[in-house]
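# Summary of the model geometry
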Amino acid sequence: MQLKSWRTLWLAATLGVAALGALAPMVPAHAQAVRGLPDFTDLVDQVGPSVVNIRTLEKVSPRAQAGAPNEEEMLEFFRRFGLPIPNIPRQAPRQNRPQPQEEAQPRGVGSGFILTSDGVIMTNAHVIEDADEVLVTLTDKREFKARIIGADKRTDVAVVKIDASGLPAVKVGDVSRLRVGEWVMAIGSPFGLDNTVTAGIVSAKQRDTGDYLPFIQTDVAINPGNSGGPLINMRGEVVGINSQIYSRSGGSMGISFSIPMDEAVRVSDQLRSNGRVTRGRIGVQIDQVSKEVAESIGLGKPVGALVRGVESGSPAEKAGVEAGDIITKFDGKVIEKSSDLPRAVGGTKPGTRSSLTVFRRGSSKELSVVIAELESEKPVAKAAGKEEKPRASSAAQGLGLNVVDLTDAQKKEAGVKGGVRVESASDAAARAGLREGDLITQVANVEVANVKEFEAALAKQDKSKPLNVLFRRGDWTQYAVIRPGR
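Just so it is clear, the structure is predicted and the values come from calculations on it, not from any experiment.

Attention now goes to the overall build of the chain. Helices and strands together make up the secondary structure of the chain, namely 13 helices and 28 strands. Going through the 486 residues of the chain one by one, you find that 42% of them count as buried. As presented, the chain carries roughly 26900 Å² of accessible surface, and 51% of it is formed by carbon and sulfur atoms.

This is the structure we're talking about:
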């Protein structure tokens, strides 16, 4: 019995080892490998000498600092309160007085990095904003007074130049290769502590926090003073400029944003060539397309940019773009979300003839537009006083809506060919966001010029289904989806 038991155990052990051997190939190779934490020491040695500390100064008058009242202010004080004017020694005329010399006072601290070996340095626009002097300190402790080449507030990119040569320039990386979860490192001067190294991972790409930039989001510790410093990948390449942080305390909370280096290089090239950045514009106000609106107008999925307004005399108006259009493509490139449009248009050289694909009343239409140069936004015109109310119609009372015809003056003021004016909105119409004073120009993708056409369009619709209407409020045009019986 004892010999048999040993044989049984030996057989079981043999079968067990064989079974484990058979199962081994089923374990993925990447699961068997043990991954360690990255070592950043070589990267610091490689990129560290290219990172600089930037200090800015502003000139302040000693008199302005002291805040002492001048002779005129003292005399005005005695006159205002009816007090006898004391015998104040007369001062020399202002133009003959020796003017106090302005003193340079520290204004801020930031970071930057060497873009070219001959002293071109990239940083943030907000780091050097309103600075009278910019001082750059290298890692070898040499200090230079920098000349501002140019700054672009819209992207927060700035370029300065120091008189030096043979400097260690950074290597610019390919942002398209950057992956979420990838390790990255930052070097900068948080709170003035220069050459500080922090590390983390890429948390997200294409993060929308501005009109012209899709930011890189990371959890790298970025604090005040890190602004303008480089974001570096594990290949020692600069992939971004550290620009913003999300914080309730003023310090790092693990959410920081960097300007993608490909965007920054495009801006810096223009700054170095022209001293400023030129961008294209077509003159439209846009908004996101909601899923509800996309389904109700037959677009399908919520893509593109909804045109809420078209500037008078703008390239878009000349091209035939209308309020309520949804721009789905620009120069053949799909506009996935509204923020894609200003980036695509802004990156196009003024004077270029481009193509627009717009979705209008259930079908797509191709338009040609000549890009103009971006200029300051025009102030929104104030609405004029109300005129006498025309006869009201109660055709849409089932939707909680009463409308009236537009007068010629109202059409001219709003810049529309026709439509109806909302006199009152309640129930379903109010829940959809409509209110008194709105101008409805389309019902279920059908243009309406007056109350009669409004009623005709409404009569053709299934009263139990959602109804989309295009309306204008002030200078803005948007869609509303009215859901009856809710």
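With that settled, consider unusual backbone geometry. A negative phi angle characterises most non-glycine residues, just as the trans form characterises most peptide bonds. In the Ramachandran plot, Asp427 falls in the positive-phi region, its phi being about 50° despite a non-glycine side chain. Locating Asp427 in the fold gives a position in helix H12 (residues 427-431). Asp427 gets classed as exposed once you look at its relative accessible area, which sits at 53%. For Ala444, which is not glycine, the phi dihedral falls at a positive 55°.

On the secondary structure map, Asn468 appears in strand E27 (residues 467-473). Within the structure, the side chain of Asn468 is placed 2.9 Å from the backbone oxygen of Ser296, a separation counted as a polar contact.

Bringing the packing of aromatic side chains into the picture now. In total, this model carries 2 aromatic pairs according to the counting rule given. Seen in terms of ring centroids, Phe40 and Trp183 are 6.0 Å apart; in terms of plane orientation they differ by 65°. Their pairing is edge-to-face. Of the two residues, Phe40 sits in the loop between helix H2 (29-32) and helix H3 (41-47) while Trp183 sits in strand E8 (residues 183-188), which places them 143 residues apart along the sequence. Classification of Phe40 as buried rests on a relative accessible area of 15%.

What follows is about the pattern of salt bridges. Where charged atoms from two side chains of opposite charge approach closely, those side chains can pair. Considering all chains together, one arrives at 20 salt bridges under this definition. Arg266 is the partner of Glu263 in a salt bridge, and the nearest nitrogen-oxygen pair spans 3.3 Å. One end of the pair, Glu263, and the other, Arg266, are both in helix H7 (residues 261-274), 3 residues apart, so they sit about a helical turn from each other. Here Glu292 and Arg483 are joined by a salt bridge, their closest N and O atoms 2.6 Å apart.

To continue, consider the pairing of strand E19 (residues 353-360). The buried fraction of E19 amounts to 6 of the 8 residues, a majority that puts the element mostly inside the structure. Bridge analysis of strand E17 (residues 326-330) against E19 gives 4 bridges, and the strand direction is antiparallel. Across the sheet, the residue bridging to Phe330 is Leu356, located in E19. Bridging between E19 and strand E20 (residues 363-370) involves 8 bridges; their strand directions are antiparallel. Paired with Arg360 across the strands is Ser363, a residue of E20. Counted between consecutive antiparallel strands, the loop separating E19 from E20 contains 2 residues, among which Arg361 sits at a positive phi close to 50°.

Let us now look at helix H13 (residues 451-459). Inspection of H13 places Val451, Phe454, Ala457 and Leu458 among the buried residues, and these make up the whole buried set. Projected down its long axis, H13 carries its buried residues within an arc of 125°, all on one side. In H13, those exposed residues whose orientation departs by more than 90 degrees from the buried face are Lys452 and Ala459. The opening residue of H13 is Asn450, an N-cap whose side-chain oxygen sits 3.2 Å from the backbone nitrogen of Lys452.

On to the environment of Gln217, then. Within the secondary structure layout, Gln217 lies in strand E10 (residues 214-218). With 41 residues separating them in the primary sequence, Gln217 and Ser258 have C-alpha atoms 6.5 Å apart. In this view, Gln217 contacts Val202, Ser203, Ala204, Arg207, Ile255, Ser256 and Phe257; residues no more than four positions away in its chain are not counted. A polar atom in the side chain of Gln217 sits 2.7 Å from the side chain of Arg207.

Time to look at the pairing of strand E25 (residues 439-443). With 5 of its 5 residues buried, E25 lies for the most part within the structure. As paired strands, strand E24 (residues 420-425) and E25 are joined by 2 bridges and run antiparallel to one another. Bridge pairing links Arg421 to Leu439 in E25. One ladder, built from 2 bridges, connects E25 with strand E26 (residues 446-447); its direction is antiparallel. Paired with Val443 across the bridge in E26 is Val446. The antiparallel hairpin formed by E25 and E26 contains 2 residues in its connecting segment, where Ala444 sits at a positive phi of about 55°.

Parameters and conventions
Residues numbered from 1 in each chain as written. Predicted model: local features only at pLDDT ≥ 70, side-chain atom pairs only at ≥ 80, totals over all residues. Heavy atoms only, no water. Helix = DSSP H or I, 4+ residues; strand = E, 2+ residues; numbered from the N terminus. Buried < 20%, exposed > 50% of the residue type's maximum accessible area, 1.4 Å probe, protein only. Areas by Shrake-Rupley, 256 points an atom, 1.4 Å probe, with all protein chains shown as cover. Polar contact = N/O pair within 3.5 Å; in protein donor to acceptor, adjacent residues only side chain to side chain. Phe/Tyr/Trp six-rings, centres within 6.5 Å; stacked < 30°, edge-to-face > 60°. Salt bridge = Lys/Arg side-chain N within 4 Å of Asp/Glu carboxyl O. Pairing = 2+ DSSP bridges. Arc of directions from axis to C-beta. Contact = heavy atoms within 4.5 Å.

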